[in-house]
Amino acid sequence: MELFIAVLVLLVLIGLSNILNRFVPFIPVPLIQIALGFAVALLPAGVHLPLNPELFFVLFIAPLLYNDGKRTPRNELWNLRAPILLLALGLVFVTVLVGGYAIHWLIPTIPLPAAFALAAILSPTDAVAVGAMAGRVHLPKSIHRLLEGEALMNDASGLVAFKFAIAATVTGVFSLAEASVSFLIIAIGGLLAGALLSFLLIRLGVWIRRLGMEDVTIHMLLQILTPFVIYLVSEEMGVSGILAVVAGGIIHAIERDRTESVQLKMQVVSMSTWSVILYILNGLVFVILGVQIPDVLNTIFANASFNNGQVLGYVGLITLLLLVLRFAWIYVFWRGNKWFRPQSSIGKPKFKAMSLISLSGVRGAVTLAGAFSIPYVLEDGSPFPERDLIIFLAAGVILLTLIAASALLPVLAKNDEKTTDGEPLTTERKAQDIMLNAAIRAVKSEMNEENKAAALAVVSDLSKYIRQAAGQLTAGKRKDILKQEAALNLIGTRAERKEVQKMLDENVIASDAAFRCNSWLDRKEMMLANRTNTQMMFSISEIGRVIGHLFTERQEAPTPQFMIENAELYQQVKLRTSEAAIKAIRAQMNDANRTVAITVIAKYERVISKLRSWNQGQKEDPFDQNKMELQMVAIQEQRNTVQQLYENGEINRDVAAKLRRFINDVEATVLKNS
C-alpha cells in the first residue's frame, strides 16, 4: 500500500510540475520535477523510494530510448554519423581516461580504478534531459540531431566502460585487450539483437493480424511490451540492452513508415498511447531523481569526516573539467575538417555552436542509476572505497549541469531562435499567424464525413483571421475576394443547372419541378453575374422556358417515385445539385483562390449536412453543434500554442497576454452565438 501511495504522489507531482511551469516558464520542467521530488522526500511522512538500478533501467530507460530510436530521423543521424560516433565513443573514452586521472589526483582517497568508474558513469549525456533542454531553447536543427544521436549511443559506451572499471576496482585485475574485444561484442551484439528481436516481434504482429485478429488493443499491448522484451532478452544474452532498444526502435520506425497507409487506426492509437506513457515516464525519471537527493546529501553532510565546502568544490571542479574536456574535444574534431564533408550541415567551427553543444551535454538519471549500482564491498570483503562520496559527486554533477544548461543555453541560443525566413519570432502578428495555423491543423485533424461542413466553416473563419492579421484584407483585396467568390458561386450555380437538366433527362424529376428549379437558379445567376445585359438575358430565358414548358410534352415514367411531396423533392434535388456544385468548384480551385473556394464549398457542405439530418429524422441541425465543438478545439489549440511559444521564449509576456485576450474574445463570441 505504501508503494501504491508513493506512486500516486509522484504522478501528482508530475502534473503539478507542468502547472508550475506555466507560471515560471523560464525554469525547465525537469528542474521543477527534481525540486518537487526533493521537497516531498524532506517531509516527515514523505516519499522514500530506494533506487534499484536494474529495475530503473528496464522500466524507464528501455522504453524512453526505444521511443527515441523510433522518432529520431534516420537520414539525419546517418549524415551526422562521424561527429555522433566521435562524441558517443571518442569523447566517452577520453573522458574516462583524462577524467579518471584528474579525479584521482584531485581526491586521492578515491583509487584510480574507482576514479575511472566515476568518470565513466559521468561520461554519458542523458537523452531525456537533452530533449528537454533542446526543445526549450530551440537549438539549431543540426546541433539538436547531433545531441540526440550522441545521447542514443553514449549510454552504452559509458556503461560498458563503467562496468569494466568497477570490475577492475573489485577484483584488482584489468586487461585492455579483453575490455576492447568485450566492448565490440557487447555493442555490435546489442545492435544486432535489438534489430532481430524487433523484426521478430513485428512479424508476430503481422501473423496475429493474418489470423483475423485486428483488435487494436492486442497490437498496442504487443508494441508496449516490445522495448521491455528486447532489453531483458539482450541483457540475458550478455549484450547491450540499451543499444538493443535503440536498434529496435529504428526497425519499428522503418516498418511503421512502410505500412502506415494500411494501419492508420493503429498509428493514431499508438501515438496517443505512447504520448501518455512517455509523459509519465519522463516525469517519473526526474521526480525519482529528486527523491534520491536528500539521502545522498545527508550521507555526506552528516558525516563529520567530510568537509562540506570542500566536497561541493569537488562537484564544481569535476563539472568544469567535463565541460572543458567536451569543448576541447568538439574543437579538435570540428577543426579537423577531414571528418566532415564540405557540405556538412554543421559547417565551419563557431564558438557559439561549440558552446551550445558543450553546455547541452547534461547528465541525468542514467548517471545516478549507474552510481547506485556500485557494489558495497570488494572481492576481499572490504568496503568499496568512497562509495557514498562517488554517488554524491555524481548527483552533484547532474544538478550542476542541469542548472548551468538551464541558465546559459537560453542566453547563447537566443539569436538562433529563428523562423525559416531568418526573422525572430517576436511580433504579435507572426505569433498570431502561427497560433491560427495550428488551430486550422487541429480542426482538420478532427474532420470527418459527419462534421465536414462545420469543419470547413471553422477553417474558413480562421483563414479570414489570418488574412486580417497579415493586413491582406485591404479595400482592394476585399474587392478581389468578393470577385473570386462571385465567380466560384457562378461556377457552382451553372453546375447545379446542369445537374437539374440531368435529373430531368433521367426522369428523376418532372418538367414542372425542373422549371421551378431553373427559374430560381436564373435569379441566383443574375445576382452573381455583373453584366448590363443580365436582366435582358434573364427575361429572354424565362420567356423561352415558359413557352417550352407549355408546348413541350415530356414522356414521364408513371412510377410512384414522382408522386412525392415538395419537401422531399427539394431535398433530393438540392442534395444532388450541391454535390455537383462542390465537384465543379473543386475542379477550378487553385492556389490563388483556395481560401475563397473553401468558404464557398463550406456553404454547400452545410446545406448537404442539413438535408441529410432531415432525412435521418433529426429534429436539430447537427451543423451548429459540430461547429461549436470544432471552434472549442481550435480555441484550445490556440491557447496551447501561445503557451508553447511563451515557454520557448519566442514571444514575451506582453505579446502572450494580448494573444490570450484575443482568444478570450473569440471564445466569448462563440459562446454568445451558441
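Residues numbered from 1 in each chain as written. Predicted model: local features only at pLDDT ≥ 70, side-chain atom pairs only at ≥ 80, totals over all residues. Heavy atoms only, no water.

**What to know about the overall build of the chain**
Line of reasoning, step 1. Looking only at helices and strands, one finds 25 helices and zero strands in the chain.
Line of reasoning, step 2. Per-residue burial over the chain gives 48% buried out of 674 residues.
Line of reasoning, step 3. Within the chain, contacts between residues at least 6 apart in sequence are counted, and of these 78% link residues at least 24 apart.
Line of reasoning, step 4. Approximately 34300 Å² of the chain is accessible, and the part contributed by carbon and sulfur atoms is 62%. (Helix = DSSP H or I, 4+ residues; strand = E, 2+ residues; numbered from the N terminus. Buried < 20%, exposed > 50% of the residue type's maximum accessible area, 1.4 Å probe, protein only. Contact = heavy atoms within 4.5 Å. Areas by Shrake-Rupley, 256 points an atom, 1.4 Å probe, with all protein chains shown as cover.)

**Re the nonpolar core**
In globular proteins that are soluble, nonpolar side chains generally tend to be buried together.
Line of reasoning, step 1. Membership of the largest hydrophobic core comes to 111 residues, with the highest contact counts inside it found for Leu 10, Ile 110 and Leu 393.
Line of reasoning, step 2. Examining the composition of this core, we find that 13 residues originate from one element, helix 12 (residues 264-301), more than from any other.
Line of reasoning, step 3. Excluding its chain neighbours within four sequence positions, the residues that come into contact with Leu 10 are Val 47, Leu 49, Leu 284, Val 287, Ile 288 and Val 291.
Line of reasoning, step 4. By size, the runner-up hydrophobic cluster in this structure holds 23 residues, among which are Ile 440, Ala 454, Tyr 646 and Ile 651. (Core = buried A, V, L, I, M, F, W, Y, C linked by side-chain atoms within 4.5 Å.)

**Focus: the pattern of salt bridges**
Line of reasoning, step 1. Under the criterion given, the structure shown has two salt bridges.
Line of reasoning, step 2. Residue Arg 576 pairs with Glu 499 through a salt bridge whose shortest N-O separation is 2.7 Å. One end of the pair, Arg 576, is in helix 22 (residues 566-588); the other, Glu 499, is in helix 19 (residues 475-505), with 77 residues separating them in the sequence.
Line of reasoning, step 3. Arg 576 gets classed as partly exposed once you look at its relative accessible area, which sits at 23%.
Line of reasoning, step 4. The shortest N-O distance in the salt bridge between Glu 506 and Arg 576 comes to 3.4 Å. Placement of Glu 506 in the loop between helix 19 and helix 20 (511-528) and of Arg 576 in helix 22 is noted, with a sequence separation of 70 residues between them.
Line of reasoning, step 5. Connected via shared salt-bridge partners are Glu 499, Glu 506 and Arg 576. (Salt bridge = Lys/Arg side-chain N within 4 Å of Asp/Glu carboxyl O.)

**A closer look at helix 5 (residues 81-106)**
Because the α-helix completes a turn every 3.6 residues, residues three or four places apart line up on one side.
Line of reasoning, step 1. Between its first and last C-alpha atoms helix 5 spans 35 Å; for 26 residues at 1.5 Å apiece the expected length is 38 Å, and the two agree.
Line of reasoning, step 2. Gly 90 marks where helix 5 bends most, by close to 30 degrees. (Expected span 1.5 Å × (residues − 1). Bend = angle between axes of the 7 residues up to and from the residue.)

**A closer look at the confidence of the model for the chain**
Line of reasoning, step 1. In this model, the chain carries a mean pLDDT of 76, and residues with pLDDT of at least 70 account for 78%.
Line of reasoning, step 2. This model gives residues 417-425 a pLDDT under 50, and the stretch forms 16 contacts once residues within four places in sequence are excluded.
Line of reasoning, step 3. Low pLDDT (under 50) marks residues 530-540, which in the prediction has seven contacts with non-local residues, meaning those over four places away or in another chain. (pLDDT = per-residue confidence, 0-100.)

**Quick word on the packing of aromatic side chains**
Aromatic ring pairs are defined here through the distance separating the ring centres and the angle between the ring planes.
Line of reasoning, step 1. As enumerated under the stated definition, the model contains four aromatic pairs in all.
Line of reasoning, step 2. Note on Tyr 101 and Phe 116: the rings are 5.3 Å apart at their centroids and 90 degrees apart in plane angle, and the pair reads as edge-to-face. Here Phe 116 lies in helix 6 (residues 112-122) and Tyr 101 lies in helix 5, a separation of 15 residues in the sequence.
Line of reasoning, step 3. A relative accessible area of 18% means that Phe 116 is categorised as buried.
Line of reasoning, step 4. With a centroid separation of 5.6 Å and 65 degrees between ring planes, the pair formed by Phe 301 and Phe 392 is classed as edge-to-face. Separated by 91 residues along the polypeptide, Phe 301 in helix 12 and Phe 392 in helix 16 (residues 387-412) bring together distant segments of the chain.
Line of reasoning, step 5. A relative accessible area of 3% places Phe 392 in the buried class.
Line of reasoning, step 6. In this structure, Arg 387 packs its charged tip against the face of Tyr 376, placed 3.9 Å from the ring centre. (Phe/Tyr/Trp six-rings, centres within 6.5 Å; stacked < 30°, edge-to-face > 60°. Lys NZ or Arg CZ within 6 Å of the ring centre and 35° of its normal.)

**Thoughts on the environment of Ile 330**
Line of reasoning, step 1. Along the chain, Ile 330 turns up in helix 13 (residues 308-335).
Line of reasoning, step 2. Placed 25 residues apart in sequence, Ile 330 and Ser 355 show a C-alpha to C-alpha distance of 9.3 Å.

**Examining the environment of Glu 150**
Line of reasoning, step 1. Structurally, Glu 150 can be placed in helix 8 (residues 141-171).
Line of reasoning, step 2. Judged by its relative accessible area of 1%, Glu 150 falls in the buried class.
Line of reasoning, step 3. Distance from Glu 150 to Leu 89, taken between C-alpha atoms, is 8.8 Å for residues 61 residues apart in sequence.
Line of reasoning, step 4. For Glu 150, the residues in contact, after removing those within four places along its chain, are Ile 84, Leu 87, Ala 88, Leu 91, Thr 125 and Arg 326.

**A word on unusual backbone geometry**
Line of reasoning, step 1. Positive phi outside glycine occurs at Glu 386, with the angle close to 55 degrees.
Line of reasoning, step 2. As for its position among the elements, Glu 386 is in the loop between helix 15 (365-372) and helix 16.

**Topic: the packing of helix 15 against helix 16**
Line of reasoning, step 1. Across the interface, helix 15 lies against helix 16 with an axial gap of 9 Å and an inter-helix angle of 175 degrees. If you check the angle between helix 15 and helix 16, you find them roughly antiparallel. Taken together, the residues of helix 16 that come into contact with helix 15 (itself represented by Thr 367, Leu 368, Ala 371 and Phe 372) are Arg 387, Ile 391, Ala 394, Ala 395 and Ile 398.
Line of reasoning, step 2. Counted by class, the contact of helix 15 with helix 16 contains seven nonpolar, one polar and one charged residues. (Axes fitted to C-alpha atoms, helices over the stretch in contact; angles between N-to-C directions. Parallel < 35°, antiparallel > 145°, perpendicular 65-115°, else oblique. Nonpolar A, V, L, I, M, F, W, Y, C, P; charged D, E, K, R; others polar.)

**Concerning a nonpolar patch on the surface**
Line of reasoning, step 1. On the surface, a nonpolar cluster with roughly 700 Å² of combined accessible area is contributed by Met 1, Leu 3, Phe 4, Ile 5, Val 7, Leu 8 and Leu 11.
Line of reasoning, step 2. Within the fold, Leu 8 resides in helix 1 (residues 2-23).
Line of reasoning, step 3. Looking at Leu 8, the relative accessible area reads 40%, which means it is partly exposed. (Patch = residues over 30% accessible without salt bridge, like charges linked within 9 Å, V, L, I, M, F, W, Y side chains within 5 Å.)

**Some points on the environment of Tyr 331**
Line of reasoning, step 1. Within the secondary structure, Tyr 331 is located in helix 13.
Line of reasoning, step 2. Tyr 331 sits 24 residues away from Ser 355 along the chain, and the two C-alpha atoms are 9.8 Å apart.

**Here we look at the side chain of Thr 641**
Line of reasoning, step 1. The topology assignment puts Thr 641 in helix 24 (residues 622-647).
Line of reasoning, step 2. Residue Thr 641 is classed as buried on the basis of its relative accessible area, which comes to 10%.
Line of reasoning, step 3. Reaching out from Thr 641, the side chain makes a polar contact with the backbone oxygen of Glu 637 at a distance of 2.8 Å.
Line of reasoning, step 4. Apart from residues no more than four positions distant in its own chain, Thr 641 is found in contact with Ile 434, Met 435 and Ala 438. (Polar contact = N/O pair within 3.5 Å; in protein donor to acceptor, adjacent residues only side chain to side chain.)

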